[in-house]
Amino acid sequence: MARLHFLHFRGCFPVKIPRLLIIAGSDSGGGAGIQADIKTVTMLGGHAMTAITAVTAQNTMGVQAVHPVPTDIVLVQIESVLSDIGVDAVKIGMIGSAETAHAVADRLAALDVPIVFDPVMIATSGATLADAATIAAFERLMATASVVTPNLPELAALGGEDAVLAHGCHLVVKGGHGETSMITDRLLAPGGILLDELHGTRIDTDDTHGTGCTFASALACGLGSGLPIADAFRQAVRFVRIALIHAPGLGNGHGPMGHALGVVPFDEIEG
């Protein structure tokens, strides 16, 4: 099976890599959330920084508990990395609370970098990760974002394509929650102009935990690297599909993806 080869020697010369700020929740099972984001950004050659919005107890079977991080702590995390390391793109995932959503939108409005918003509402297991007030506050984040990446149920909850595009952002309509054997992912520009459309055979696996987080982080990393949005979109879709193929088969429910893509770094270097 062909795979992506991202590993290469940079030698002893300093090379600027994209700096990605990830604002999202922690997944104790390692399949989604901050953990999936960090793995994705690392594999795609970026440097992942985090502002954790919630701590969750979850595994492949479901979410057992959620503890939102206070808004002021989320903002301090953001300021800590922005004031020192800087940022080339931002990815927003699980936001924790309506108060945090508004505060994050206020802070990010001052940045001139790509912002990818993945409007996380429900985990793969079916657990609710955003209450009604938080979902209502998504309006602020969509107005701030460069691109919004809902799955089909999330898109319906947000009012459909026209409602999202009305915020002036790009929109990725992910087709993984459809019921057909073929998956269609679409990239729309503000105004509803179709920029790209990808079709792929559905991969027969239950190990789909973290697909949305992974896609959004891959897209943000591509944009932070300077790729045009259509190229970043295609790279993100490809990364997700290959990670699904390489899922390690862990747990008894919806298992994690194979973010390492079957690569053992030392084998790649020595081979």
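Because the structure is predicted, anything quoted here is derived from the model rather than measured.

Basis of the calculations
Sequence order sets the numbering: in each chain, residues are counted from 1 along the sequence as written. Only residues with pLDDT of at least 70 get local features here, since the model is predicted, and only at 80 or more are side-chain atom pairs given and counted; chain-wide, interface and lining totals rely on the full set of residues. Here the side-chain values reflect all heavy atoms present in the structure, with hydrogen atoms and water set aside. Numbering goes from the N terminus for both helices and strands, where a helix is a DSSP run of H or I of at least four residues and a strand is a run of E of at least two. Relative accessibility under 20% of the residue-type maximum defines a buried residue, over 50% an exposed one, and the middle range a partly exposed one, all with a 1.4 Å probe and only protein chains included. Here the accessible surface of atoms and residues is derived via Shrake-Rupley with a 1.4 Å probe, and residues count as covered only by protein chains that are part of the display. The convention is simple: Lys and Arg are positive, Asp and Glu are negative, and His and the chain ends are not counted. Salt bridge criterion: a side-chain nitrogen from Lys or Arg within 4 Å of a carboxyl oxygen from Asp or Glu. By the convention used here, residues are in contact when the closest approach between their heavy atoms is within 4.5 Å. For helices, the fitted line uses only the C-alpha atoms of the stretch in contact; every axis is such a line through C-alpha atoms, and the angle between N-to-C directions lies from 0 to 180 degrees. Here the angle decides the label: under 35 degrees means roughly parallel, over 145 means roughly antiparallel, 65 to 115 means roughly perpendicular, and every other value means oblique. The hand of a helix crossing depends on one turn: near helix anticlockwise from the far one by less than a right angle means left-handed, and clockwise means right-handed. Three classes are used: nonpolar for Ala, Val, Leu, Ile, Met, Phe, Trp, Tyr, Cys and Pro, charged for Asp, Glu, Lys and Arg, and polar for all others, with Gly counted as polar. By the convention used here, strands pair only if DSSP detects at least 2 bridges between them. For this analysis, a nonpolar core means a set of buried residues of the types Ala, Val, Leu, Ile, Met, Phe, Trp, Tyr and Cys, connected via side-chain atoms within 4.5 Å. A clockwise path from the first strand over the helix to the second, with the strands pointing away from the viewer, defines a right-handed crossover. Predictor confidence is given residue by residue as pLDDT, running from a minimum of 0 to a maximum of 100.

**Q** Which residues make up the overall build of the protein, and what values do they have?
**A** The number of helices and strands found in the protein is nine helices and nine strands. Taken over 271 residues, the protein has a buried fraction of 48%. Of the roughly 12100 Å² of accessible surface on the protein, 57% is carried by carbon and sulfur atoms.

**Q** Please provide a residue-by-residue account of the side chain of Glu154, values included.
**A** Mapped onto the elements of the fold, Glu154 is located in helix 5 (residues 152-157). Lys174 provides the closest opposite charge to the buried, unpaired Glu154, separated from it by 4.8 Å. The residues contacting Glu154, other than those within four sequence positions of it, are Asp118, Pro119, Val120, Met121, Ile122 and Thr149.

**Q** Describe in detail the packing of helix 1 (residues 33-43) against helix 7 (residues 211-224), supporting the description with residues and values.
**A** In the contact formed by helix 1 and helix 7, the axes pass within 8 Å of each other and the chain directions differ by 40°. Comparing their axes, helix 7 and helix 1 come out oblique. Helix 1 and helix 7 meet at a crossing whose hand is right-handed. Where helix 1 abuts helix 7, its residues Gly33, Ala36, Asp37, Thr40 and Val41 lie against Cys213, Thr214, Ser217, Ala218 and Cys221. Of the residues in the contact of helix 1 with helix 7, the class split is five nonpolar, four polar and one charged.

**Q** Account for the pairing of strand 3 (residues 62-68), naming residues and giving values.
**A** Relative to strand 3, strand 2 (residues 47-59) is paired through six bridges, and the arrangement is antiparallel. Bridge pairing in strand 3 links Thr56 to Val66. Counted between consecutive antiparallel strands, the loop separating strand 2 from strand 3 contains two residues.

**Q** Could you give an account of the sheet that holds strand 3, with specific residues and numbers?
**A** With respect to topology, nine strands assemble into an open sheet ordered 3-2-1-4-5-6-7-8-9, the strand pairing being mixed. Here the strands that pair on one side only, and so sit at the sheet edges, are strand 3 and strand 9 (193-201). The sheet contact formed by strand 8 (residues 182-189) and strand 9 spans eight bridges and is antiparallel. Within strand 9, the residue paired with Ile183 across the bridge is Gly200.

**Q** I'd like a description of the nonpolar core, backed by residues and values.
**A** Core analysis: the largest hydrophobic core is formed by 37 residues, its most contacted members being Leu21, Ile23, Val90, Ile92, Val104 and Leu141. Excluding its chain neighbours within four sequence positions, the residues that come into contact with Ile92 are Ile23, Val104, Leu108, Ile115, Val116, Phe117, Asp118 and Leu141.

**Q** Just give me the short version of the pairing of strand 4 (residues 89-92), but keep the residues and values in it.
**A** Where burial is concerned, the two faces of strand 4 agree: the one with Ala89 and Lys91 and the one with Val90 and Ile92 are both buried. Across four bridges, strand 1 (residues 19-27) lies against strand 4 in parallel orientation. Each bridged residue has a counterpart across the sheet, and for Leu21 the counterpart in strand 4 is Val90. Sheet topology places strand 4 next to strand 5 (residues 115-117); three bridges connect them, and they run parallel. Pairing of Lys91 across the sheet is with Val116, part of strand 5. The handedness of the strand 4 to strand 5 crossover, carried by helix 3 (residues 98-108), is right-handed.

**Q** Help me get a handle on helix 3, residues and values and all.
**A** The set of residues buried in helix 3 consists of Ala98, Thr100, Ala101, Ala103, Val104, Ala105 and Leu108. Where the residues of helix 3 are buried, they touch strand 1, strand 2, helix 2 (71-84), strand 4, strand 5 and helix 4 (132-144).

**Q** Any details on helix 1? Residues and values, ideally.
**A** In an α-helix, one full turn covers 3.6 residues, which means residues spaced three or four apart are oriented alike. Within helix 1, burial applies to Gly33, Ile34, Ala36, Asp37, Thr40, Val41 and Met43. Once helix 1 finishes, Gly45 follows within two positions and takes phi at roughly 90°, a positive value.

**Q** Tell me what's going on with the confidence of the model for the protein, and back it up with residues and numbers.
**A** Taken residue by residue, the protein gives an average pLDDT of 89. The fraction at 70 or more is 90%. The model gives residues 1-13 a pLDDT under 50, and that stretch makes 23 contacts with residues more than four places away or in other chains.

**Q** Go over the packing of helix 7 against helix 8 (residues 229-245) with me, naming the residues and quoting the values.
**A** Relative to each other, helix 7 and helix 8 sit at 140°, their axes nearing to 8 Å. Helix-helix and strand crossings are classified by hand; for helix 7 and helix 8 the assignment is right-handed. Judged by residue contacts, Thr211, Thr214, Phe215, Ala218, Leu219, Gly222 and Leu223 of helix 7 engage Ile229, Ala232, Phe233, Gln235, Ala236, Val237, Phe239, Val240 and Leu244 from helix 8. When its residues are assigned to classes, the contact of helix 7 with helix 8 shows twelve nonpolar, four polar and no charged.

**Q** I'd like a description of the environment of Leu244, backed by residues and values.
**A** Along the chain, Leu244 falls in helix 8. Residue Leu244 is classed as buried on the basis of its relative accessible area of 13%. When the C-alpha atoms of Leu244 and Asp207 are compared, they prove to be 7.0 Å apart, with 37 residues separating the residues in sequence. Leu244 has contacts with Ile203, Thr205, Asp207, Thr208, Thr211 and Met257, leaving out every residue within four places of it along the chain.

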